[in-house]
Amino acid sequence: MSTFTVKAFAAESTTADLKEMNIERRDTTPNDVEIDILYCGVCHSDLHTARNDWGGTMYPAVPGHEIVGRITKVGSDVSKFKVGDLAGVGCIVDSCGHCDSCKQDLEQYCLNGFTGTYNGKDKHLGGHTFGGYSQKVVVDADHVLKVPENLDLAAVAPLLCAGITTWSPLKHWNVGPNSKVAVVGLGGLGHMAIKLAKGLGAEVTLFSRTPGKTDDAKQLGADHVVISTDDSQMDSVKGKFDVIIDTVPYVHDINPYVSTLNINGTLVIVGYLGGLEPFLNTVPMIMGRKSVAGSVIGGIAETQEMLDFCGEHNIVSEIEMINMQDINEAYERMLKSDVRYRFVIDMKSL
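Being a predicted model, the structure only gives us computed values, none of them experimental.

Scanning the chain from terminus to terminus reveals 11 helices and 17 strands. The C-alpha radius of gyration of the chain comes to 20 Å, within 12% of the 20 Å expected for a compact globule of 350 residues. Considering the chain as a whole, with its 350 residues, one finds that 55% of them fall into the buried category. For the chain, the proportion of contacts with a sequence separation of at least 24, taken over those separated by at least 6, is 67%. For the chain, the exposed area adds up to about 14900 Å²; of that, 49% sits on carbon and sulfur atoms. Between the averaged position of the 30 positive side-chain charges in the chain and that of its 44 negative side-chain charges there is a distance of 2 Å.

Spelled out as structure tokens, the structure:
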């Protein structure tokens, strides 16, 4: 297969800073679109992959799965896009298409494993896929998204991971105007959970460990803030919430939050992978038919639904723009939660 060369930023080992290098992209096949990348969001998954925190990273690693750009070329069989269209690419660039999950437009749960935008198996060129920290990307058109023209394009980028990660459980658990929703953690995921739940008409509460984020939460759309370290405040919301979106990215005690669920309520973990400590106490679950669940990103159709909703309601992420050359500093700041609330790379800096 013929290829062309583009600039990218990549990590070449677990301890190496990301730096500029050249990578190969495939020429468009009949089913592909080529996208000139304008903006790319910076996700915690980028950092974890670059530093092999989860194991299995293939180097050189080019992260980036919150991609917004304009289409510069379309394959001969592509009908839903044309040159010049705005386009987005999220976390998935391929899936098997025929398993039970894919048939339900749930490619994120592909039973044969979806192909990640980076660090996935590249069926075209061999080796592994390279993400959005690059000038261009070539993607199968069925995994490309239409981006509303009326939104701030840079602030759209994080919708393609942080946005869909919180939208998917909100929709699955039928959040709407009569829902009472709580969000645990106010970061890249948490701030989107608040905006989207409020956009869906829910009454929204932020759980925070300290009062310092109260003003921010309310500016984002939260109706209430409950300080989770204050026993009296926690007691005041016992049995209140239909859905809790837990965005905390490290091990933590979820038991206090379970007790704030209403009968049939569900706490959905979207931010943490791993074992729970301390153990999950099942008594309040059994005594109230409460659930603890997990959720990850969303399928292509669901992501398009979210983007269309955001276009109608003018919902985007809160971002800090950086140049590509500042990515290593941005990673260090992310580890300190020193960002409000998502870094986005201006790709013209590359």
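Right, picking up where we left off after that structure.
An order of 12-11-10-13-14-15 is seen for the six strands of this open sheet, with the pairing classed as parallel. The open sheet has two free edges, formed respectively by strand 12 (224-227) and strand 15 (291-294), since each of these has just one partner strand. Direction aside, neighbouring strands of the sheet carry axes that sit 20° apart on average. Sheet topology places strand 11 (residues 203-208) next to strand 12; four bridges connect them, and they run parallel. Its bridge partner lying in strand 12, Thr-205 is registered against His-224.

Now for the side chain of Lys-136. Its place among the elements puts Lys-136 in strand 8 (residues 136-140). A polar atom in the side chain of Lys-136 sits 3.4 Å from the side chain of Thr-72. In this structure, Lys-136 is in contact with Phe-4, Val-6, Arg-25, Glu-34, Ile-35, Asp-36, Ile-37 and Thr-72, ignoring residues within four places of it in sequence.

Applying the stated criterion across every chain yields a total of three aromatic pairs. Seen from their ring centres, Trp-167 and Phe-309 are 4.8 Å apart, and the 45° between their planes marks the pair as tilted. Here Trp-167 is found in helix 4 (residues 162-172), whereas its partner Phe-309 is found in helix 10 (residues 300-313), with 142 residues between them in sequence. One aromatic cluster is present, built from ring pairs that chain together Phe-207, Phe-241 and Tyr-257.

By size, the foremost hydrophobic cluster in this structure holds 54 residues, and its most contacted members are Val-156, Leu-170 and Ile-194. Per element, the largest residue contribution to this core is six residues, and it comes from helix 5 (residues 188-199). Core analysis: the next-biggest nonpolar cluster, separate from the first, contains 41 residues, Ile-35, Val-137, Met-324 and Tyr-331 among them.

Further remarks concern the pairing of strand 3 (residues 32-41). For strand 3, a buried count of eight out of 10 residues is recorded, marking the element as mostly surrounded by other parts of the structure. Relative to strand 8, strand 3 is paired through five bridges, and the arrangement is antiparallel. What sits directly across from Asp-36, in strand 8, is Lys-136. Relative to strand 17 (residues 342-346), strand 3 is paired through three bridges, and the arrangement is antiparallel. Within strand 17, the position partnered with Tyr-39 by the bridge is Asp-346.

Take the pattern of salt bridges next. In this structure the tally under the stated criterion is 18 salt bridges. Here Arg-26 ties to Asp-32 by a salt bridge, and the two come within 2.8 Å at their closest N and O atoms. On the basis of relative accessible area, Asp-32 is assigned to the buried category, the value being 1%. For Glu-66, the salt bridge is made with Arg-342, and the minimal N-O distance between the two is 2.7 Å. Of the two residues, Glu-66 sits in the loop between helix 1 (44-50) and strand 4 (67-74) while Arg-342 sits in strand 17, which places them 276 residues apart along the sequence. You'll find Glu-66 and Arg-342 in the same group, each marked buried. A network of salt bridges, in which partner residues are shared, links Lys-195, Asp-216, Glu-318 and Arg-340.

Our next topic: a nonpolar patch on the surface. A cluster of nonpolar side chains, namely Val-283, Ile-286 and Met-287, defines an oily patch on the protein surface of about 370 Å² accessible area. With respect to the secondary-structure elements, Ile-286 resides in helix 9 (residues 283-286). Residue Ile-286 is classed as exposed on the basis of its relative accessible area of 64%.

A few words on helix 5. One full turn of an α-helix is made of 3.6 residues, so residues set three or four places apart face in the same direction. Along its 12 residues, helix 5 runs 17 Å from first to last C-alpha, staying within 8% of the 16 Å computed at 1.5 Å per residue. Positive phi appears at Gly-201, one or two residues downstream of helix 5, with a value of about 95°.

The next point concerns the environment of Gly-75. Here Gly-75 is to be found in the loop between strand 4 and strand 5 (86-89). Its relative accessible area of 8% is what places Gly-75 among the buried residues. When the C-alpha positions of Gly-75 and Lys-195 are compared, they lie 36 Å apart, and in sequence the two are 120 residues distant. Ignoring anything within four residues of it in the chain, the contact list for Gly-75 reads Thr-29, Pro-30 and Asp-32.

Procedures and definitions
- Residues numbered from 1 in each chain as written.
- Predicted model: local features only at pLDDT ≥ 70, side-chain atom pairs only at ≥ 80, totals over all residues.
- Heavy atoms only, no water.
- Helix = DSSP H or I, 4+ residues; strand = E, 2+ residues; numbered from the N terminus.
- Rg over C-alpha atoms; globule rule 2.2 N^0.38 Å.
- Buried < 20%, exposed > 50% of the residue type's maximum accessible area, 1.4 Å probe, protein only.
- Contact = heavy atoms within 4.5 Å.
- Areas by Shrake-Rupley, 256 points an atom, 1.4 Å probe, with all protein chains shown as cover.
- Lys, Arg positive; Asp, Glu negative; His and termini not counted.
- Charge placed at Lys NZ, Arg CZ, Asp CG, Glu CD.
- Pairing = 2+ DSSP bridges.
- Axes fitted to C-alpha atoms, helices over the stretch in contact; angles between N-to-C directions.
- Polar contact = N/O pair within 3.5 Å; in protein donor to acceptor, adjacent residues only side chain to side chain.
- Phe/Tyr/Trp six-rings, centres within 6.5 Å; stacked < 30°, edge-to-face > 60°.
- Core = buried A, V, L, I, M, F, W, Y, C linked by side-chain atoms within 4.5 Å.
- Salt bridge = Lys/Arg side-chain N within 4 Å of Asp/Glu carboxyl O.
- Patch = residues over 30% accessible without salt bridge, like charges linked within 9 Å, V, L, I, M, F, W, Y side chains within 5 Å.
- Expected span 1.5 Å × (residues − 1).

Coordinates in, geometry out; function isn't part of it.
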